[in-house]
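A structural walkthrough
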Amino acid sequence: MHSTHRPTPRHWDGSPVVSHRGRVLTIAANCPSRLLRIAQRGACRDCGNRIDWHTTTDKQPVALHPMELPARAVPEPLRWHVASGIAHSADDASGWCRTAHTILCPARAAPQPPSPALDHLRRRLALHTRRLLDTGAFTPRTPPTAPGACRPERPVVQLLYGRYLAAHPIDDIQCVAQTRRRTRCHQPVLDPAAPGHWILTPAVLRRHRQLALPAVDIAVYDLGGLPYAEQLRWRTQRCPIHAITTGAADLALAEWEPFDPIKHHAHLATRLPRAVRRTSG
């Protein structure tokens, strides 16, 4: 007579093997940020190489190279370190550090003569960009337009009684929500059924009283006439579908930067977009 009892599977140390079902990360309904901190990876729109998005101490997004580098190979002003998910532009006195992707991006000119290690890494990233281009896996974005052009590359947007500088043209602003396949949503934030409108307005609001700038009118994409919920959807950078899908987390940071007419003077457009001028007559 044979026993029907099966031995319990055990690890090498004798502990029983317990099967765990996979769990899905969820965001609490009362969480002020819907961003999964482990899912801030992205790709540079200029070279196609991988980047890691982090938030700085002043709540601005910064793209860092995903790998740590020896601190001795990176000049001290270019060193970054990450603590508790926050990126700090400083040295933490350790033997390793991070650096901004703009320093290594092969599609941009180096801001200063890099070290031999950084120059070698830039060459490796350039080779990877070439492979992506040859296989059709990456298409670089169009070159930025000159200041005052008819299609601002980084437009000024007015919403929620404030002004923000967008990272991309209005129709290229992408939803930051995560899809069911755990990829970033490819839908634009712009809703053709409820668009904003371009206006020419003074660059400096009267209540700010910045006397360092001349009285010049700039093109601003005004969303102030839309309902509050629609403006909030733009501020959270979500498409109309994911605006009502509360369970979907954010896979990227909202790419809004508080507008400063002095700091962002190079991005000011003094003419309305060409399509607007054609239809206004």
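Residues numbered from 1 in each chain as written. Predicted model: local features only at pLDDT ≥ 70, side-chain atom pairs only at ≥ 80, totals over all residues. Heavy atoms only, no water.

Looking at the pairing of strand E2 (residues 50-56)
For E2, the tally of buried residues reaches 5 of 7 residues, placing the bulk of the element in the interior. Sheet topology note: the strand E1 (residues 41-43)/E2 ladder contains 3 bridges and is antiparallel. By the bridge assignment, glycine 42 is partnered in E2 with isoleucine 51. Two successive antiparallel strands, E1 and E2, enclose a turn made up of 6 residues, where glycine 48 displays a positive phi of approximately 85 degrees. (Buried < 20%, exposed > 50% of the residue type's maximum accessible area, 1.4 Å probe, protein only. Helix = DSSP H or I, 4+ residues; strand = E, 2+ residues; numbered from the N terminus. Pairing = 2+ DSSP bridges.)

What about the pattern of salt bridges?
Scanning all chains against the criterion turns up 10 salt bridges. As a salt-bridge pair, arginine 98 and aspartate 52 come within 3.5 Å of each other at their nearest N and O atoms. Within this pair, whereas arginine 98 is found in the loop between strand E7 (96-97) and helix H1 (101-104), its partner aspartate 52 is found in strand E2, the two being separated by 46 residues in sequence. No difference in accessibility class separates arginine 98 from aspartate 52, as the two residues are buried. With a closest N to O distance of 3.2 Å, aspartate 119 and arginine 123 form a salt bridge. Of this pair, aspartate 119 and arginine 123 are both found in helix H2 (residues 116-135), 4 residues apart, which corresponds to roughly one turn of the helix. Judged by its relative accessible area of 30%, aspartate 119 falls in the partly exposed class. Judged by its relative accessible area of 56%, arginine 123 is exposed. One connected set of salt bridges, linked through shared partners, spans Arg50, Asp52 and Arg98. (Salt bridge = Lys/Arg side-chain N within 4 Å of Asp/Glu carboxyl O.)

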